Amino acid sequence: MIPTCDLAAQYHSIQPEIDAAIREVLEAGTFTLGPRVRDLERELAAFCGCEYGVGVASGTDALRLAMDALEIGPGDEVITTPFTFVSTASEVTRCGGTPVFVDIEPVSMNIDPAGVERAVTARTRALLPVHLYGQPADMAPLMAIAERHNLRVIEDAAQAMGASYRGRPVGSFGVLSCMSFFPTKLLGAYGDAGMIVTRDRAMADKIDLLRRFGGSTRYRHDRLGYNSRLDELQAAVLRVKLRSLARWNARRREIAALYDRLLAGLPIVLPRERRGALHVYQEYTIRTPRRDALQAFLGAREIETAVYYPLPLHLQELYRDLGLGVGSFPEAERAAAEVLSLPIYPEVSDDQVEEVAAAVRAFFVARYARSSE
Ligand SMILES: *Cc1c(COP(=O)(O)O)cnc(C)c1O
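Worth saying up front: this structure is predicted, and the values here are computed from it rather than measured.

Structurally, Arg 211 can be placed in helix H8 (residues 201-211). Judged by its relative accessible area of 6%, Arg 211 falls in the buried class. At 2.8 Å, the side chain of Arg 211 forms a polar contact with the side chain of Glu 41. Beyond its immediate stretch of four places on either side in the chain, Arg 211 contacts Leu 33, Glu 41, Val 54, Gly 55, Val 56, Leu 65, Tyr 226, Asn 227, Ser 228 and Arg 229.

Spelled out as structure tokens, the structure:
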């Protein structure tokens, strides 16, 4: 069986360091917002080209607190992509704002800046691009649009920690950038965790207040806050793993290059790195109209694959009220029907990648043989 991710294998590759880090936390006896959280905040902010990090309970909470800190509320529009995980839009909705979806570019499958320009209205407050699968969104035109219309930019960098665009790390473009440490992300905790990174000191302070019940000192509450803290155990684990992140991302790029070579010439669309960008391959996502049959074929050969995401957000029951039917965003809808993510994780071997590629090839050979009968 070749899985899409092997967290036990990753643990075994760094077991002594992880075990020691966890034991230290248990001995120290501080479990929320302690020294390890502060160290991780500093290290991760630096990794993303920012000055401040604020650890929170999940990537979803990072988005939620970002919206709150920017005071997005009823009547405010936030432009984002319909081809993403639900949290990107749900946290706009939760704070009373309206997500305004814009279709994706067919190649990168990230939000199309030309569509963004057309979607701006007098009520638009912010742009919320997602760096899907580890590929940066087209930040130059997006930042120019934001500048022109005086909009805030919030990056959903949950899938792209370590990616860069024209030499600048993802996470350093927005006023606030949201990270997820969900276990299967590029940098995964052993449970839920997230962070907001920023270069804006006042914003960092405001979010720090929000994550601990809206108060800077104990039992004094200045505003309506949350309990959304990053805990010391997760921070300790993440600090150990952060030391390997650049190496792991480099290995992902190596695997992607191997897939590129082995899958060339097949009637499938391969992922293509944006010019001037560094893709970190949270996913290696191919496209074919025969996606479901290919997935079943690979599954029968013990090769696990995944579909991110089978239903774009504008077609979810959750967003029925927006009144956006089938055909509203044809590129997102076509992507949802065609994408398939193949196994890619730092511990997968070249032999396993070759086995996956051979199986994909066998599917299309079998297809051709049958259609020429
Ligand atoms: C994972 C993810 C989130 C949510 O992060 P959690 O830590 O799971 O709450 C948000 N946006 C995107 C694009 C994601 O991939």
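On we go from here.
Another aspect to go through is empty space enclosed by the protein. Taking a probe equal in size to a water molecule and rolling it over the atoms shows the remaining empty space. The final tally for this structure, using the stated rule, is 2 cavities of 30 Å³ or more. If you add up the space inside the largest cavity, you get close to 80 Å³. The wall of the largest cavity is formed by 14 residues, among which Cys 5, Leu 7, Gln 10, Lys 185 and Arg 252 lie closest to the centre. Where the lining of the largest cavity is concerned, the elements lending two or more residues are helix H1 (7-13) and helix H9 (232-263). Its residues placed into classes, the lining of the largest cavity shows 6 nonpolar, 3 polar and 5 charged. When residues of the lining of the largest cavity are assigned to domains, at least three fall in each of domain 1 (7-103 + 111-239) and domain 2 (246-372).

What follows is about the domain arrangement of the chain. Its domain assignment divides the chain into domain 1 (7-103 + 111-239) and domain 2 (246-372). Computed from C-alpha coordinates alone, the two centres of domain 1 and domain 2 are separated by 26 Å. At the interface, 37 residues of domain 1 touch 32 residues of domain 2. Buried surface at the junction of domain 1 and domain 2, summed over both partners, amounts to about 2,800 Å²; 62% is from carbon and sulfur atoms. At the surface where domain 1 touches domain 2, the tally comes to 1 salt bridge. The salt bridge partner of Arg 274 is Asp 138, with a shortest N-O separation of 3.8 Å. Summed over the shared surface of domain 1 and domain 2, the result is 20 residue pairs in polar contact (both at pLDDT 80 or more).

What follows is about the layout of surface pockets. Empty space within the largest pocket amounts to approximately 560 Å³. Every residue lining the largest pocket is counted, 30 residues in all, and those nearest its centre are Gln 159, Phe 182, Thr 184, Lys 185 and Tyr 309. If you list the elements that add at least two residues to the lining of the largest pocket, you get helix H4 (59-69), helix H5 (87-94) and strand E8 (176-180). The element best represented in the lining of the largest pocket is H4, accounting for 3 residues. Taken domain by domain, the lining of the largest pocket gets at least three of its residues from each of domain 1 (7-103 + 111-239) and domain 2 (246-372).

What follows deals with the pairing of strand E4 (residues 124-128). Most of E4 sits out of view: 4 of its 5 residues are buried. Inspection of the sheet shows strand E2 (residues 77-80) paired to E4 by 4 bridges, in the parallel sense. Looking across to E4, one finds that Ile 79 is bridged to Leu 127. Examined bridge by bridge, E4 and strand E5 (residues 152-156) share 2 bridges and lie parallel to one another. Each residue of the ladder has a partner; that of Ala 126, found in E5, is Arg 152. Once the chain exits E4 it traverses helix H7 (residues 139-149) before rejoining the sheet at E5, and the crossover so formed is right-handed.

Rules of the game
- Residues numbered from 1 in each chain as written.
- Predicted model: local features only at pLDDT ≥ 70, side-chain atom pairs only at ≥ 80, totals over all residues.
- Heavy atoms only, no water.
- Helix = DSSP H or I, 4+ residues; strand = E, 2+ residues; numbered from the N terminus.
- Buried < 20%, exposed > 50% of the residue type's maximum accessible area, 1.4 Å probe, protein only.
- Polar contact = N/O pair within 3.5 Å; in protein donor to acceptor, adjacent residues only side chain to side chain.
- Contact = heavy atoms within 4.5 Å.
- 1 Å grid on protein atoms, 1.4 Å probe; cavity = no way out; pocket = protein on both sides within 12 Å on 5 of 7 lines; lining within 4 Å.
- Points joined across faces, edges and corners; volume = space filled by probe spheres on them.
- Nonpolar A, V, L, I, M, F, W, Y, C, P; charged D, E, K, R; others polar.
- Domains from an automatic or database assignment.
- Buried area = accessible area lost by both parts, 1.4 Å probe.
- Salt bridge = Lys/Arg side-chain N within 4 Å of Asp/Glu carboxyl O.
- Pairing = 2+ DSSP bridges.
- Right-handed = clockwise from strand over helix to strand, strands pointing away.

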